[in-house]
Amino acid sequence: MLPSILLALAAATTPFINASPTPTKGSGSSIRLGRRSLFPDDATDDDIKTKLSSMGSNLRDKYGAFASADAITGGSKRRAIGQNQLINQNADTSYFGTIAIGTPAKSFNVILDTGSADLWVASRDCITGCNGVPTFDASASSTFRNLSSPFTIKYGSGGAAGRLGADSVQMAGFGVAGQTLGVVTQVTQKLLQSPVSGLMGLAFSTLSTSRSMPFWQTLASTNAWDEPLMAFHLTRFTDVPGASKLEVGGSFDMGFTNSSLYTGDISYVDIPNGSESFWQIPLTQMTVQGNTLTAASTILAVIDTGTTLVGGPASSIASIYSNIPGAQPAGAGYEGYWQYPCDTNIDIAFKFGDGPAWPINPADFELARIGQGVCIGALFELDLAGSASPDWIIGDTFLKNVYSVFRYDPASVGFASLSDTALSVASVDAPLPSASIGTGSIISGAEPIRPWFPTLGVFFALVFGSLVALP
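Now for a quick tour of the structure.

Rules used in this analysis
Residues numbered from 1 in each chain as written. Predicted model: local features only at pLDDT ≥ 70, side-chain atom pairs only at ≥ 80, totals over all residues. Heavy atoms only, no water. Phe/Tyr/Trp six-rings, centres within 6.5 Å; stacked < 30°, edge-to-face > 60°. Helix = DSSP H or I, 4+ residues; strand = E, 2+ residues; numbered from the N terminus. Buried < 20%, exposed > 50% of the residue type's maximum accessible area, 1.4 Å probe, protein only. Pairing = 2+ DSSP bridges. Contact = heavy atoms within 4.5 Å. Polar contact = N/O pair within 3.5 Å; in protein donor to acceptor, adjacent residues only side chain to side chain. Disulfide = S-S within 2.5 Å.

**Quick word on the packing of aromatic side chains**
For the structure shown, the criterion picks out 23 aromatic pairs. Ring centres of phenylalanine 352 and phenylalanine 398 lie 5.6 Å apart, and the angle between their planes is 70°; this geometry places the pair in the edge-to-face category. Separated by 46 residues along the polypeptide, phenylalanine 352 in strand 20 (residues 348-352) and phenylalanine 398 in helix 5 (residues 396-399) bring together distant segments of the chain. Among the residues examined, phenylalanine 352 registers a relative accessible area of 1% and is labelled buried. Among the aromatic residues, those joined into a cluster by ring pairs are Phe204, Trp216, Phe232, Phe252, Trp279, Phe406 and Tyr408.

**Thoughts on the sheet that holds strand 19 (residues 338-341)**
The strand order 18-19-23-22 describes an open sheet built from four strands, whose pairing is antiparallel. Since the sheet does not close on itself, it has two edges, and those belong to strand 18 (328-329) and strand 22 (366-371), each with one partner. For strand 22 and strand 23 (residues 374-377), the ladder comprises four bridges, and the chain directions are antiparallel. Looking across to strand 23, one finds that arginine 369 is bridged to cysteine 375.

**Concerning the environment of serine 244**
By the element assignment, serine 244 lies in the loop between strand 11 (229-234) and strand 12 (246-254). In this structure the C-alpha to C-alpha distance between serine 244 and valine 428, which are 184 residues apart in sequence, comes to 7.3 Å.

**A look at the environment of methionine 254**
Along the chain, methionine 254 falls in strand 12. A relative accessible area of 1% means that methionine 254 is categorised as buried. Along the backbone, methionine 254 and glutamine 83 are 171 residues apart, and their C-alpha atoms lie at a distance of 5.7 Å.

**Structural notes on the environment of phenylalanine 415**
Position of phenylalanine 415 among the secondary structure elements: in strand 27 (residues 412-418). Accessibility expressed as a relative area gives 1% for phenylalanine 415, which makes it buried. With 57 residues separating them in the primary sequence, phenylalanine 415 and tryptophan 358 have C-alpha atoms 8.5 Å apart. Leave out the neighbours within four places in its chain, and phenylalanine 415 touches Asp265, Ile266, Ser267, Ile281, Ile303, Phe352, Trp358, Phe398, Leu399, Val402, Tyr403 and Ser404.

**Examining the side chain of threonine 305**
Along the chain, the position of threonine 305 falls in the loop between strand 16 (300-303) and strand 17 (310-312). Only 2.8 Å separates the side chain of threonine 305 from the backbone oxygen of leucine 112, close enough to count as a polar contact. Residue contacts for threonine 305: discarding those within four places in its chain leaves Leu112, Asp113, Thr114, Phe232, Asp396, Leu399 and Phe406.

**Regarding unusual backbone geometry**
A cis amide bond links threonine 103 with the next residue in sequence, proline 104, at an omega value of 0°. As for its placement among the helices and strands, proline 104 is situated in the loop between strand 4 (94-101) and strand 5 (106-113). Here serine 194 and proline 195 are connected by a cis peptide whose omega angle stands at 15°. With respect to the secondary-structure elements, proline 195 resides in the loop between strand 9 (174-187) and strand 10 (196-201). Phi is positive for alanine 172, close to 50°, though the residue is something other than glycine. Position of alanine 172 among the secondary structure elements: in the loop between strand 8 (158-171) and strand 9.

**Remarks on the pairing of strand 16**
Side chains Leu300 and Val302 of strand 16 all project onto a buried face; the interleaved residues Ala301 and Ile303 project onto the opposite face, where all are buried too. Direction of pairing for strand 14 (residues 280-288) relative to strand 16: antiparallel, over a ladder of three bridges. Its bridge partner being in strand 16, proline 282 is matched across the sheet by leucine 300. In terms of strand pairing, strand 16 meets strand 25 (residues 392-394) through three bridges, oriented parallel. Following the sheet pairing, isoleucine 303 is matched in strand 25 by isoleucine 394.

**Topic: the state of the cysteines**
Between two cysteines, a covalent bond joining their sulfur atoms is known as a disulfide. Under the criterion given, the structure shown has two disulfides. Residue pairing for cysteine 126: its cysteine sulfur links by disulfide to cysteine 130, the two sulfurs lying 1.9 Å apart. Across the S-S bond linking cysteine 126 and cysteine 130, the dihedral sits near 65°, which makes this disulfide right-handed. The side chain of cysteine 342 participates in a disulfide bridge whose partner is cysteine 375; the two sulfur atoms lie 2.0 Å from each other. Its S-S torsion of approximately 110° makes the covalent link between cysteine 342 and cysteine 375 right-handed. One end of the pair, cysteine 342, is in the loop between strand 19 and strand 20; the other, cysteine 375, is in strand 23, with 33 residues separating them in the sequence.

**Looking at the side chain of serine 210**
Within the element layout of this structure, serine 210 appears in the loop between strand 10 and helix 2 (215-221). Look at serine 210 and you get buried, because its relative accessible area is 6%. For serine 210, the side chain forms a polar contact with the side chain of aspartate 118, separated by 2.7 Å. Among the polar contacts listed, one links the side chain of serine 210 to the side chain of serine 208, at a separation of 3.1 Å.

Right under this line is the structure:
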């Protein structure tokens, strides 16, 4: 049975922003994240191998190819802030928040993913991969429009397919009327795990498979927020005894930075000009067990809240583990992963641009224990094909250690040290956040651009093969 906080939203009404917007002033609210255990106590070596293999292929497929699209722009006036309380799922494997779709509004839990740019939810008519998952009934919404276009998207762990629609979408006191979204009828098995019903992409519109403006970008580009940025605080439960499958996950701040969650200054690193697709910034240096590894040339790293691990070129990963005594490539079934003695006190940090070095907690570096005193590391080999593919993918293994800020203008990513307040949030059995709509700005959503060339989703399908057939 789902926690009551994850059921239907309160009946409060949120004014909406039209995707070609003119917003009005509104008030804010909050979203927290949740969690599940990554490996049950009774997991076998084969169970762990299968899971880790899937996690690795997920990243390879997600970032294996890249195609750009035209960005959509807009303009506007009044502003506000909001916060979405999150839930941490699967022992820090993923983090989700709650949105509301339709009229009357119905709440859905969605993974918040800065590594993609499309919003989609499971349809009531879903025939594959939606068992036990709350689904969206388009016919029950008076504001839903069928855009009569197919939709398909592929990730490393699977994909989804269905049709494009447009409807009112609300989150943390903000609303966008006519937001384009995928209403999917086919999902790869186990891609969705209840109570999650879909995914909200938080990357730039140039990455959108549907060629539409992402929810966040409509708000940021129309000055609906006090500041054109969004920020994450992600909790850690991977090393907490007795943690439940779903735990408080942190927060997603919209239009402001929450000074109670970090200390010191936020160190921003600009996205290279013309690279506003992924949230990608230069990775300049790493320190491992006191030894410094410096990039010989420009290396771009994608900062991705929708990815659990950290992936990089095989040669770089080998260099990192060569500085950890006793580390070696893991055995058969763990291709791309490295193992190391569990009693090693791991000391590793990443430096982006000219900013400071940000350490990774040893608890986050330890991905799994596979034998007597043998651990698998959370940094794994990820060699991607294609000149436009990113070099590194920096996921939640790193992001749990910082307050991360994604700034629209100027396009950049910032990090700050977590405060004691932020660290104290990860408390076992703390009440999970309740879904709420609140009140806020109204903006109209833009129709998808109809390109003459293949979009990213189609390009993925051409390169890797169709994962699921369209209806």
